[in-house]
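Working through the structure, step by step
Below, each chain spelled out in residue letters.
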Amino acid sequence: MSFTTENDPPNEAQTGQTSQAKLYEPLHLPRWLMWAISPHNNQLTFLAHVVLTASLTVLALGSYWFMFWFAGTKEAEWLGTSQVTRPEVIQTATSELSARPAERDRLIAQFDEIEVRAARHAKIMSFFYKQYYISISMIVGAAVLASICLFFISKVGWERVNNALINIFIFSSAVVFFHGNLMLVFKQEENLRGNQELYLSYLSVREEMLSYWATQQTQAGDTLEAAQFIHYIDGQLQGLNKIQLGFDTPQISTLVDQFQFNNPENRPTLQPSPQP
């Protein structure tokens, strides 16, 4: 038989029961908070989870549009996109060119085609640049938030932690999963870099044409007649005549298969126990 006195410290079992009782001790909440927090287990109610999820969704969408706007304001500064050359500038540049009228018109038409193609690739590059920037930012931010929630969940335990942290953890993990697979399916980095290379290549040909109009020489220093330079530019345009825009459609099937629990390949197999 054991006797305890008032001066004896409580044992571990008593301490655990006391802390657990305090954890689930009913709260005396004001009436206006009864809809959000259950007084029985101090957890969020279903309606509170709906409001929390809606708030997180609004926050995610607001972050998306803010970064889209911010990337748009920095587009010209970060990407260095050029403006279309004015017609009067082209006429002045070709006025001293020793070429027939038909050859001069063809050179101007080639120059216009170069600027049209460069502008097209600049728009595609700008779009994927914004989406890639947003995806990386959203993944980093949501991953940090999920890591913080997971730290407190693992410290307290899944059953004892406040379910608001679980809600935030699930939502932030879904944001990481969504934007991470969005990058893979739409090949954001590959499309960005491919159109960037084509855009810079067209700018190089454009500058070479402007230099030829001033010097009648190519970038390598070779002097060419107008007809020869026209064929030379045609070869350059033919080599760059491509559209860099691809999608990883098999990745969609891979994502769908991950959620098909009725798929026999995803079902766990039971190995027969060895016979003695």
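Provided above is the structure to which this section pertains.
All of the points below concern the structure found in this document. Please read these numbers as outputs of a predicted model, since none were measured by experiment.

Topic: the packing of aromatic side chains
If you walk through the whole model with that rule in mind, you get 12 aromatic pairs. Aromatic side chains tyrosine 64 and tryptophan 65 sit 5.4 Å apart centroid to centroid with 85 degrees between the ring planes, which places their arrangement in the edge-to-face category. A centroid spacing of 5.9 Å and a plane angle of 35 degrees characterise the contact between phenylalanine 66 and tryptophan 69, whose relative ring orientation is tilted. Note that phenylalanine 66 and tryptophan 69 are positioned in helix H2 (residues 46-73) at a spacing of 3 residues, about one turn of the helix. Among the aromatic residues, ring-to-ring pairing joins Tyr64, Trp65 and Phe68 into one connected group. Note that lysine 130 overlies the ring of phenylalanine 68, its terminal NZ or CZ placed 4.8 Å from the centroid.

A word on the nonpolar core
Most often, soluble globular proteins have nonpolar side chains that are buried together. In terms of nonpolar packing, the biggest core is built from 32 residues, with Leu107, Ile114, Met209, Trp213 and Ile233 touching the most fellow members. Mapped by element, the contributors of at least two residues to this core are helix H5 (101-156), helix H7 (188-215) and helix H8 (226-240). The greatest single-element share of this core, amounting to 12 residues, is contributed by H5. Setting aside residues no more than four positions away along its own chain, isoleucine 233 makes contact with Gln110, Ile114, Val205 and Met209. By size, the runner-up hydrophobic cluster in this structure holds 8 residues, among which are Ala146, Ile153, Ile166 and Phe169.

A look at the side chain of glutamate 115
Take glutamate 115: it is sitting in helix H5. A residue is classified by how much of its surface remains accessible, and glutamate 115, at 9% relative accessible area, is buried. Excluding its chain neighbours within four sequence positions, the residues that come into contact with glutamate 115 are Gln83, Val84, Thr85 and Arg206.

About the thresholds
- Residue numbers here run from 1 along each chain, matching the order of that chain's written sequence.
- Local features in this predicted model are restricted to residues of pLDDT 70 or higher, and side-chain atom pairs are both shown and tallied only at a pLDDT of 80 or more, whereas totals for entire chains, interfaces and linings draw on every residue.
- As a rule here, side-chain values cover all heavy atoms of the structure and leave hydrogens and water aside.
- Only rings of Phe, Tyr and Trp enter the pairing, Trp through its six-membered ring, and a pair is recorded when the two centres are within 6.5 Å. The plane angle decides the type: under 30 degrees is stacked, over 60 is edge-to-face, the rest tilted.
- Comment: elements are numbered from the N terminus, with helices defined as DSSP H or I runs of at least four residues and strands as E runs of at least two.
- Working rule: Lys NZ or Arg CZ, within 6 Å of ring centre, within 35 degrees of ring normal, means a charge sits over the ring.
- Nonpolar core, defined: a set of buried Ala, Val, Leu, Ile, Met, Phe, Trp, Tyr and Cys residues in which side-chain atoms within 4.5 Å join the residues together.
- Exposure categories follow from relative accessible area, calculated using a 1.4 Å probe and restricted to protein chains: below 20% of the type maximum is buried, above 50% is exposed, and the middle band is partly exposed.
- Any two residues whose heavy atoms approach within 4.5 Å at even a single point are treated as in contact.

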